[in-house]
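# Observations on the three-dimensional arrangement
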Amino acid sequence: MTRPPAPDRPPVCDYEGSDYQATFWDAGGRAYEDRSEARALKALLPASGRLLLEVGAGAGRNTPRYAGFQRVVLLDYSRTQLQQAQARLGRSAAYVYVAADVYRLPFAPGLFDAATMIRVIHHLAEAPRALRQVREVLQPDAAFILEFANKRNLKAIARWLLRRQAWNPFDPAPVEFAALNFDFHPDAMLRWVRAAGFDVQAVRALSYLRLPRLKRALPTGLLVALDALLQPTGQIAPFSPSVFVRARAAGEGAHAQPGRFFRCPECRALDLTDNGDHLHCPGCGRRWALRDGIYDFKAPV
């Protein structure tokens, strides 16, 4: 479902009420993709840290893979996805659940020492804007792991050469193959990452073996092992359907300030007051709800 854009706000792909975790991952025959992503995260993400932001956490599929961090903030636009994550992970001081728009992150500048955005940016009509938001809430030298859907993949190239698709996989412009579903050229994406204030450190190519016949014919463990051997080819030229990037927050930037965590997404004021069932903004007077353990910054109450 797509949320219509408000003035000066891009549209948002909303998974409210979706059983995406159950249908796509749990019963969708995607164990190979899931385990290959786990390999990439283990290779790229620091083993430990203080506070990690998981942008587009969904139902918490990847969250257990960040166990080395003291706390993880699960951010998603869908409350029901976060409720599913709560059911999977429980409520504890290790997890903070936040419903918010990625274009208006409700966090203090320089708060996080790491962030991930896995299978999210392909839903964003204004990817560079979202990348700038992520950089703003990261402290200098923070790690950022980004995954994106690659338009310059082998299947797309073959289809284009055989004239079975109209769009050119070598064109740097994104292709929107369905509403709010984008494939990106790797050169363009890496350029946006750098322009947002990151240094690109590593690129990995994933899911070359994402073919139904291969997945039926070969054991998942073998596919994952072969995928791990192929992933480093992304450093030269990724032609895979999925690409992982490890970047470092460059430049000076902001550092986390004691006692400052949330920021009003409307007026950008800090020092929100916790009133139990809501946060009060001293700058604009808006109130942001806390319901069933989920901070809701989608709309004030």
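As shown above, the structure is provided for reference.
Residues numbered from 1 in each chain as written. Predicted model: local features only at pLDDT ≥ 70, side-chain atom pairs only at ≥ 80, totals over all residues. Heavy atoms only, no water.

## Remarks on helix α4 (residues 127–136)
Turning to α4, its buried residues are Ala 127, Ala 130, Leu 131, Gln 133, Val 134 and Arg 135. Those residues of α4 hidden inside the fold are in contact with β3 (49–55), β6 (112–117), β7 (138–149), α6 (186–195), β10 (198–206) and β11 (242–249). (Buried < 20%, exposed > 50% of the residue type's maximum accessible area, 1.4 Å probe, protein only. Helix = DSSP H or I, 4+ residues; strand = E, 2+ residues; numbered from the N terminus. Contact = heavy atoms within 4.5 Å.)

## Thoughts on the pattern of salt bridges
Tallying each qualifying case throughout the model produces 16 salt bridges. Taking the shortest distance from any N to any O, the salt bridge between Glu 266 and Arg 9 comes out at 2.8 Å. Remark: Arg 9 occurs in the loop between β1 (2–3) and β2 (12–13) and Glu 266 occurs in the loop between β11 and β12 (273–274); sequence separation between them is 257 residues. Owing to a relative accessible area of 29%, Glu 266 belongs among the partly exposed residues under this scheme. A salt bridge links Arg 263 to Glu 136; its shortest N-O distance comes to 3.1 Å. Taken together, the residues Arg 263 in the loop between β11 and β12 and Glu 136 in helix α4 connect sequence positions 127 residues apart. Sharing partners across several salt bridges, the network here consists of Asp 34, Glu 37, Arg 61, Arg 65 and Arg 119. (Salt bridge = Lys/Arg side-chain N within 4 Å of Asp/Glu carboxyl O.)

## A word on the side chain of Glu 33
For Glu 33, the location among the structural elements is in helix α2 (residues 31–44). Not counting residues within four places of it along the chain, the set of residues in contact with Glu 33 comprises Trp 25, Arg 119, Ser 207, Arg 210 and Lys 215.

## Some points on the nonpolar core
Of all hydrophobic cores here, the largest spans 55 residues; its most connected members are Leu 53, Val 98, Phe 107, Ile 121 and Phe 262. At 5 residues, β7 tops the list of elements feeding residues into this core. Excluding anything up to four places from it in sequence, Ile 121 contacts Ala 127, Leu 131, Leu 146, Glu 147, Phe 148, Phe 184 and Met 189. Listed in part, the 22 residues of the second largest apolar core include Ala 40, Phe 69, Tyr 97 and Ile 294. (Core = buried A, V, L, I, M, F, W, Y, C linked by side-chain atoms within 4.5 Å.)

## As for helix α5 (residues 154–161)
Each α-helix turn comprises 3.6 residues. Residues three or four places apart therefore point the same way. Of the residues that open α5, the one with a side-chain oxygen 3.1 Å from the backbone nitrogen of Lys 155 is Asn 153. Just downstream of α5 lies Arg 163, where phi reads positive at about 60°. (Polar contact = N/O pair within 3.5 Å; in protein donor to acceptor, adjacent residues only side chain to side chain.)

## Some thoughts on the state of the cysteines
For the structure on display, the rule yields 0 disulfides. As a non-bridged cysteine, Cys 264 has Cys 284 as the owner of its nearest cysteine sulfur, 3.7 Å distant. Considering cysteine sulfurs only, Cys 267 is the nearest to Cys 281, which forms no disulfide, with 3.4 Å between them. (Disulfide = S-S within 2.5 Å.)

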